[in-house]
Amino acid sequence: MKVLKLHPLMTISLLQMQIQRLLSCNVAVYMRHTLANAFDTLKEAGFDEESLVEFPIDETLSLREFEEEVEERFNFTLELCNKDNKPFTNKSQHIYQIASLQPKKDERNYQLDISLDMLMNNNRQSPQQNISF
């Protein structure tokens, strides 16, 4: 099962990277009907949760249903797009259909995982702490 991880301090660009990894498509995020800046946080876009939220993605939903569910639950708007950043015109298409159109990569985005971990631990660690790998 694919799980979207959302945190109020997550940037729009981090959300876009996560959508690309999970659904093999791009996403446009809107703040109050205006395209959000890549450096805006989800909190600025309307996300009103206080901590990390793990949101399971039901791949049987249509693109329209998924976009509406995210908007209703998290108070920001997103629009799934193809690789050319053009919104999908067939909103009745199911999520699993767009993921299956892309060639499979057996590649893990560790940078994204590290960024999410840093957001989760932000309040528990001092900002001066060194990260070692």
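Above this text you will find the structure in question.
Attention here is on the structure that accompanies the text.

1. Examining the overall build of the chain
Then step 1. When you go through the chain residue by residue, the secondary structure sums to five helices and five strands.
Then step 2. When the elements of the chain are put in sequence order from the N terminus, they spell out β-α-β-β-α-β-α-β-α-α.
Then step 3. Contacts in the chain between residues far apart in sequence, at least 24 positions, make up 70% of those at least 6 positions apart.
Then step 4. On the chain, roughly 8,500 Å² of surface is accessible, and the fraction owed to carbon and sulfur atoms is 47%.

2. What to know about the pattern of salt bridges
Then step 1. Overall, the coordinates contain three salt bridges when judged by the stated rule.
Then step 2. In this structure, a network of salt bridges that share partners links the residues E67, E79 and K91.

3. Concerning the sheet that holds strand β3 (residues 34-35)
Then step 1. Read from one edge to the other, the open sheet built from three strands follows the order β3-β2-β5, with strand pairing classed as antiparallel. Among the strands making up the open sheet, the edge pair consists of β3 and β5 (77-81).
Then step 2. The sheet contact formed by strand β2 (residues 26-31) and β5 spans five bridges and is antiparallel. Of the residues in β5, the one forming a bridge with V29 is L78.
Then step 3. Its contacts with the sheet place helix α1 (residues 12-23) against β2 and β5, and it is angled at close to 145° to β2.

4. Thoughts on helix α3 (residues 63-74)
Then step 1. The end-to-end C-alpha distance of α3, which contains twelve residues, comes to 16 Å, matching closely the 16 Å that a straight helix rising 1.5 Å per residue would cover.
Then step 2. Every buried residue of α3 is listed here: L63, F66, E67, V70 and F74. Buried residues of α3 fall within an arc of 95° about the axis and therefore sit on the same side.
Then step 3. Among the residues trailing α3, N75 stands out with phi positive, at a value near 65°.

Cut-off values and rules
Residues numbered from 1 in each chain as written. Predicted model: local features only at pLDDT ≥ 70, side-chain atom pairs only at ≥ 80, totals over all residues. Heavy atoms only, no water. Helix = DSSP H or I, 4+ residues; strand = E, 2+ residues; numbered from the N terminus. Contact = heavy atoms within 4.5 Å. Areas by Shrake-Rupley, 256 points an atom, 1.4 Å probe, with all protein chains shown as cover. Salt bridge = Lys/Arg side-chain N within 4 Å of Asp/Glu carboxyl O. Pairing = 2+ DSSP bridges. Axes fitted to C-alpha atoms, helices over the stretch in contact; angles between N-to-C directions. Expected span 1.5 Å × (residues − 1). Buried < 20%, exposed > 50% of the residue type's maximum accessible area, 1.4 Å probe, protein only. Arc of directions from axis to C-beta.

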